[in-house]
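# Descriptive structure summary
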Amino acid sequence: MLDSTRRDARARIAPAGLMFLAITSIGWGFNWPVTKFLLAELPPLTLRGVTGVLGAVLLALLAVMRRQSLKVERAIWPRLLTAAVLNVTGWMVLMGLALLWLPASEAALIAYTMPVWASIIAWPVLGERPTVLRTLGLVMAFAGLASIMGGNGIAASVEKAPGIIMALCGAFGFAVGTVFSKKYPIHLPPLTAAAWQIGIGCLPISIVGLLVETTHLSNVTPLGWWLLVYSTVVQFCIAYVSWFAALARLPASVAAIGTMAVPVIGVVASAIALGEPLGPGQIAALIFTLAAVVLATRG
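So, how was this worked out
- Residues numbered from 1 in each chain as written.
- Predicted model: local features only at pLDDT ≥ 70, side-chain atom pairs only at ≥ 80, totals over all residues.
- Heavy atoms only, no water.
- Helix = DSSP H or I, 4+ residues; strand = E, 2+ residues; numbered from the N terminus.
- Buried < 20%, exposed > 50% of the residue type's maximum accessible area, 1.4 Å probe, protein only.
- Contact = heavy atoms within 4.5 Å.
- Areas by Shrake-Rupley, 256 points an atom, 1.4 Å probe, with all protein chains shown as cover.
- 1 Å grid on protein atoms, 1.4 Å probe; cavity = no way out; pocket = protein on both sides within 12 Å on 5 of 7 lines; lining within 4 Å.
- Points joined across faces, edges and corners; volume = space filled by probe spheres on them.
- Nonpolar A, V, L, I, M, F, W, Y, C, P; charged D, E, K, R; others polar.
- Expected span 1.5 Å × (residues − 1).
- Bend = angle between axes of the 7 residues up to and from the residue.
- Axes fitted to C-alpha atoms, helices over the stretch in contact; angles between N-to-C directions.
- Parallel < 35°, antiparallel > 145°, perpendicular 65-115°, else oblique.
- Left-handed = near helix turned anticlockwise from the far one by under 90°.
- Patch = residues over 30% accessible without salt bridge, like charges linked within 9 Å, V, L, I, M, F, W, Y side chains within 5 Å.
- Salt bridge = Lys/Arg side-chain N within 4 Å of Asp/Glu carboxyl O.

Turning next to the overall build of the protein. Each helix and strand counted, the protein has 12 helices and 0 strands in total. Its helices and strands in sequence order give the protein the pattern α-α-α-α-α-α-α-α-α-α-α-α, from N to C terminus. The burial tally for the protein puts 53% of its 299 residues in the buried class. In the protein, the share of contacts with a sequence separation of at least 24, taken over all contacts with a separation of at least 6, comes to 91%. Here the protein has roughly 12900 Å² of accessible surface; of this, 73% comes from carbon and sulfur atoms.

Pasting the structure below:
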């Protein structure tokens, strides 16, 4: 675990961190249309909570197989619980519900205003003063998102307002969690840290979902079952572990800007899988976003 109090950001941009960030972006990007599809077959809280708990169990089993201890010292519990609520519970609940009011592409775009909040918070809290290249990268990333918005025409109507508010709140909460995890790192093996955070974060969601929602497993299609496997294994096991690994190796602002690739992947995947809009705006966004990530990591 690298020292989060160091101010030499360039020294902390490790190639391994960028690799883990790329894995995270791909896994989370494809999960937007996956979740949108599954919401037609399963209720939101049950879907998000149960798949997360199953993912946490798989991670715990893998940790045991790799001889990583699942023990958590008493002093670590407060930051572990806080990180789980911010990075998992709030994000899963708010984004899952936002998809009830918004197309997957629009929800992904709004959700990934997160780098703005993370960069703003990281400056006073972590001392990560924005460099010229990082600031330019952030501007280019949002130019890419704006090009998608121009193509999709996000309509902030009364009907969509609940989804927009939930997506923005989820984005801000995740940004706070990102900076919190850098300020107070959780000194646990990667699989153990991910298993506990996902398990703690998703358990209350699954309990509430099973209590208040009605689930008809007979409504789940064969494709739906395969997508549930994707959501459990890729989103929670692979992407979340990669995110925590990336965050341990990169400045919070760089990691946050790097996730700007997620909405681009989500928009393109949603267009292909769900028939949502795809055109020159999406292609321009991909170019802008990739350039933004390169500038951010060079800053």
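The rest of the description comes next.
This brings us to the environment of Phe37. Relative to the assigned elements, Phe37 resides in helix 1 (residues 15–38). Sequence-wise, Phe37 and Leu223 are 186 residues apart; in three dimensions their C-alpha atoms are separated by 9.7 Å. When sequence neighbours within four positions are dropped, the list of residues in contact with Phe37 reads Thr221, Leu223, Gly224, Leu227 and Leu274.

Scanning the model with the defined rule gives 1 cavity of 30 Å³ or more in all. In this model, the largest cavity occupies a volume close to 90 Å³. In terms of residue count, the dominant contributor to the lining of the largest cavity is helix 1 (4 residues). In terms of residue class, the lining of the largest cavity is built from 5 nonpolar, 3 polar and 1 charged.

Right, let's get into helix 8 (residues 190–212). Since the α-helix advances by 3.6 residues per turn, residues separated by three or four positions end up pointing in the same direction. Along its 23 residues, helix 8 runs 33 Å from first to last C-alpha, staying within 8% of the 33 Å computed at 1.5 Å per residue. The largest bend in helix 8 is about 30°, located at Cys202, with the proline Pro204 one to four residues further on.

What follows is about the packing of helix 1 against helix 9 (residues 222–249). The interhelical angle for the contact between helix 1 and helix 9, taken along N-to-C directions, is 150°, at an axis separation of 8 Å. Relative to helix 9, the element helix 1 lies roughly antiparallel. In the packing of helix 1 onto helix 9, the handedness of the crossing is left-handed. Class assignment of the residues belonging to the contact of helix 1 with helix 9 gives a composition of 21 nonpolar, 8 polar and 1 charged.

Quantified by volume, the second largest pocket comes out at close to 210 Å³. Looking at the second largest pocket, it is lined by 13 residues, and the ones nearest its centre are Leu42, Val50, Leu217, Trp225 and Leu228. Put simply, the parts of the chain that give the lining of the second largest pocket at least two residues each are helix 2 (44–65) and helix 9. Of the residues forming the lining of the second largest pocket, the biggest block, 5 residues, is contributed by helix 2. Counted by class, the lining of the second largest pocket contains 9 nonpolar, 4 polar and no charged residues.

Attention now moves to a nonpolar patch on the surface. Residues Met19, Ile23, Val57, Leu58, Leu61, Leu223, Trp226, Val229, Val233 and Ile238 make up a contiguous nonpolar surface patch of about 920 Å² in total accessible area. If you list the elements that add at least two residues to the nonpolar patch, you get helix 1, helix 2 and helix 9. By residue number, the principal contributor to the nonpolar patch is helix 9, which donates 5 residues. With respect to the helices and strands, the residue Val229 is situated in helix 9. According to the relative accessible area criterion, Val229 is partly exposed, its value standing at 44%.

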